[in-house]
Amino acid sequence: MQYNKKDDGSLEPLKQKNIDTGLGLERMARILQKAPNNYETDLILPIIEKASELANISYGISDDQTKRYLKIVGDHMRAIVFLISDGVVPSNVGRGYVVRRLIRRVVRTGRLLGIKGDGRGDPEGAFLPIIAQKVLELSTHIDADVKNRAPRILEELKREELRFVQTLERGEKLLEEKLVDAITSAERSGTVPCLAGEDVFILYDTYGFPMEITKEVAEERGVSIDMNGFDIEMEKQRRQSQAAHNTVKLAIGSGTNIADNVPDTEFIGYESLYCKAIVASLVVNGDPAVQVREGSNVEILLNKTPFYAESGGQIGDHGFLYIAEGENQPKAIVEIIDVQKSFGNIFVHKGTVQKGVLEVGKLVEATVDVKLRQRAKVHHTATHLLQAALKKVIGQETSQAGSLVAFDRLRFDFNFHRPLLDGELAEIELLINGWIEDAILLQTKVMPLADAKREGAIAMFGEKYGEEVRVVEVPGVSMELCGGTHVSNTSEIRGFKVISEQGIASGVRRIEAVAGEAFIEYVNARDLYLKQLCSTLKVKPEEVTVRIENLLEELRVARNENSAVRAKAAVYKASVIASRAFLVGHSKQYRILVECLDDVDAESLKSAAEYLMETLADPAAIVLGSCPGEGKVSLVAAFTPGVVGQGIQAGKFIGQIAKLCGGGGGGRPNFAQAGGRKPENLAGALEKAKSELIAYLCEKGN
């Protein structure tokens, strides 16, 4: 190596020039151990042998293709274990996606080797953790942390493998169909088989099948991939995704871009919530305007503004623009309900002219709603505290996957593989409220990006940063690159409460919480609900839980008693209709009973059928129906052994009858239940059941 390539592309001679031989650990081991390749050293071969054992094959006598598969497993598993140990968890972004791709390739390769399930007899099991055990053994004297983190590594591998197997099975089936179509089409036309980019994209987008695996499978079958077509489909999706967001368009009908003639907006909102500004442009319904009157919705571009524009998850400020005429006589009032950014740093103020006339070139007084800004500041700082608390409680490897900072709540998405426990959520709340109580002064500074990263500031993956960045630090708690607005002291947050925690995607969790004024409102609302509940139940707050448990138990007992009464009533009805059974067959040996029991519920209908099975002599076929509620149909079929022995099954039979009532169902050969949504068809369905039973049993009986 001779030069250092600078950002502008110029080459700067290195002070110390050197030669990179590429002689890494694997190659050194290969030389010392006289191995034919890197994979057959004691660094990787034991992993390959473990995979061979699970696949029930021998590496030494395998063909070249099988050896290649085993090498993939050995090499990738070694990398995966160390990556997860270092905190890189599988995800769909950044380095996490690298791990996910490696895992998925090993899973598919293992299946090609013939490894089924866990390779030890459990078809529903996972084999990656078993091979990973060998990697852990080999790493004991290399990196002690790997062994200490073994439980988490093995659990991550198991979860990721089992999740991907489902995707793999769906994708492989569809991919096989597409490959056969491509090969068949090529044979007809005498061309080289090629998989359409659109098909590759459908596999990727709809079925979650990685493009890399699609390409690898296709190449194995001698089929190329239309990557240009795939890229076109990806670009279409990006455009649709962008269109779905609340983007600001400043292009007018003629195609002229207003932003071309408007300089960047000067933002002073960190220092002040008020300023005087000049109206640079007005846009109404996508068209430029010079003047806007009362009642009109308008987009306003100012030369400078105190309004924060939506970015970094924080929503835009609300407030007002005023134009004064004389002393305290407003000529125009515009309510601002949203602020967005367009073309980098042009702020677009969206609002409604409440009074008077707004004109281009006029001087306005821009005033941000102080209370709403404070709510946003509180929630944004609380978001930083939440991320710091999550890293402390569930692990440093967790990372932000998205956020929303609103006036009424905050929402924080993060990469994690399981729901948080109640105890973990309580610990997170305790930490955050402790930091709030500590009244920590925040520090905000602008510095070079490289310096910020060197100091340990957290950056949001996928976010674009300039050479100079704004760093918001809660000393001793967190340090993040952030352009949002924040409180000056954590005590301003007042209180923090998690209101929900849930999964929103594979490996992504979401926490919603409230802080500041929203926290007070949340607590007061819950207190009011509790008071109302106490008043209704006539108990003290501390007695509510016991009282509700008692009520639930009483309700359960009452329901059981009611169910027993209904079942007895149904059995009584069944005893009344038992005499309506009629005989069919050549020897009149089969008893058939098909009846409607009006509004009997499904469970009671089942009790009635069971009673009739015991009452009527074998062979007997019983079909009962009822309408237990509006828009509901219940059906049950009960066949004694003598009927089932003739080849007719209750499950299949009642399922077909239920279709006539707009439903379905099934069960065992001798007993089955079904339901429907069309009570008006019940009579016809029962008549159909009767005629089919008669026809079938008469034929068998003869």
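Where an unreviewed UniProt entry is consulted, the protein appears under the name Alanine--tRNA ligase, with the organism given as Medicago truncatula. Recorded in UniProt for the protein, the comment headed Function (unreviewed entry) runs: "Catalyzes the attachment of alanine to tRNA(Ala) in a two-step reaction: alanine is first activated by ATP to form Ala-AMP and then transferred to the acceptor end of tRNA(Ala). Also edits incorrectly charged tRNA(Ala) via its editing domain." In its Subunit (unreviewed entry) section, the UniProt record describing the protein reads: "Monomer."

Participant: What is the right way to look at unusual backbone geometry in this model?
Facilitator: Across the chain, the bulk of peptide bonds are trans and the bulk of non-glycine residues have phi less than zero. Pro-619 follows Asp-618 through a cis peptide bond whose omega is 5°. The backbone of Lys-34 shows a phi angle near 55°, a positive value even though the residue is not glycine. Its location among the elements puts Lys-34 in the loop between α1 (25-33) and α2 (45-55). Assessed through its relative accessible area of 74%, Lys-34 is described here as exposed. At Ala-439, a residue that is not glycine, the phi angle is positive and equals roughly 50°. Here Ala-439 lies in the loop between α12 (422-437) and β17 (443-448). Take Ala-439: its relative accessible area is 34%, and that puts it in the partly exposed class.

Participant: Sorry if this is basic, but what is going on with the nonpolar core here?
Facilitator: As a rule of thumb, nonpolar side chains are buried together in soluble globular proteins. The biggest cluster of nonpolar side chains holds 57 residues, and the ones touching the most others in it are Met-77, Ile-80, Val-81, Leu-128, Ile-131 and Leu-157. Among the secondary structure elements, those contributing two or more residues to this core are α2, α3 (64-85), α4 (94-112), α5 (128-139), α7 (150-189), α8 (197-205), α9 (211-220) and α10 (227-244). In terms of residue count, α7 provides more of this core than any other element does, 11 residues in total. Setting aside chain neighbours within four positions, we find Leu-128 in contact with Met-77, Ile-103, Val-106, Val-107, Leu-157 and Glu-161.

Participant: I keep staring at the sheet that holds strand β18 (residues 468-474) and nothing clicks. Help me out?
Facilitator: The strand order β17-β18-β19 describes an open sheet built from three strands, whose pairing is antiparallel. Two strands bound the open sheet, and with one partner strand each, they are β17 and β19 (478-481). Taken pair by pair, the neighbouring strands of this sheet meet at an average axis angle of 25°, ignoring direction. Here six bridges tie β17 to β18, and the two strands are oriented antiparallel to one another. Note on β18: the bridge partner recorded for Val-446 is Arg-470. Packed on one face of the sheet, helix α11 (residues 370-394) meets β18 and β19 and runs near 120° to β19.

Participant: What should I look at first to understand the pairing of strand β9 (residues 297-302) in this one?
Facilitator: Two strands pair when backbone bridges link them, and strand β6 (residues 274-284) and β9 are joined in this way by four bridges, in the antiparallel orientation. The residue bridging Leu-282 from the neighbouring strand is Ile-300, located in β9. Bridge count between β9 and strand β13 (residues 346-359): four bridges; the pairing is antiparallel. Among the inter-strand pairings, Val-298 is bridged to a residue of β13, identified as Gly-351.

Participant: I keep staring at the pairing of strand β15 (residues 400-405) and nothing clicks. Help me out?
Facilitator: Along any regular strand the residues' side chains alternate between the sheet's two faces. Strand direction decides the pairing type here: β15 and strand β16 (residues 410-415), joined by five bridges, are antiparallel. Bridge pairing in β16 links Leu-404 to Arg-411.

Participant: Explanation requested: helix α15 (residues 544-577) in the structure shown.
Facilitator: An α-helical segment advances 3.6 residues per turn. Residues three or four places apart therefore align on the same side. Counted at 1.5 Å a residue, the expected span for α15 with its 34 residues is 50 Å, and the 49 Å between its end C-alpha atoms agrees. The secondary structure elements touched by the buried residues of α15 are α14 (516-537), β23 (590-596), α16 (602-615) and β24 (620-626).

Participant: Which parts of the structure should I look at to understand the pattern of salt bridges?
Facilitator: Taken as a whole and judged by the stated rule, the model has 30 salt bridges. Across the pair Lys-531 and Asp-527 runs a salt bridge, and its minimum N-O distance is 3.3 Å. You can see Lys-531 and its partner Asp-527 sitting in helix α14, four residues apart, about one turn around the helix. The partly exposed category is assigned to Asp-527, whose relative accessible area is 35%. Two residues, Glu-595 and Arg-580, come together in a salt bridge whose shortest N-O distance is 3.2 Å. Of this pair, Glu-595 sits in strand β23 while Arg-580 is found in the loop between α15 and β22 (582-584), placing the two residues 15 residues apart along the sequence. Judged by relative accessible area, Glu-595 falls into the buried class, the value being 18%. Using a relative accessible area of 46% as the deciding quantity, one classes Arg-580 as partly exposed. One connected set of salt bridges, linked through shared partners, spans Arg-105, Arg-108, Glu-216 and Glu-220.

Definitions and limits used
- Residues numbered from 1 in each chain as written.
- Predicted model: local features only at pLDDT ≥ 70, side-chain atom pairs only at ≥ 80, totals over all residues.
- Heavy atoms only, no water.
- UniProt positions renumbered as here; feature names shortened; annotations may be inferred.
- Helix = DSSP H or I, 4+ residues; strand = E, 2+ residues; numbered from the N terminus.
- Buried < 20%, exposed > 50% of the residue type's maximum accessible area, 1.4 Å probe, protein only.
- Core = buried A, V, L, I, M, F, W, Y, C linked by side-chain atoms within 4.5 Å.
- Contact = heavy atoms within 4.5 Å.
- Pairing = 2+ DSSP bridges.
- Axes fitted to C-alpha atoms, helices over the stretch in contact; angles between N-to-C directions.
- Expected span 1.5 Å × (residues − 1).
- Salt bridge = Lys/Arg side-chain N within 4 Å of Asp/Glu carboxyl O.

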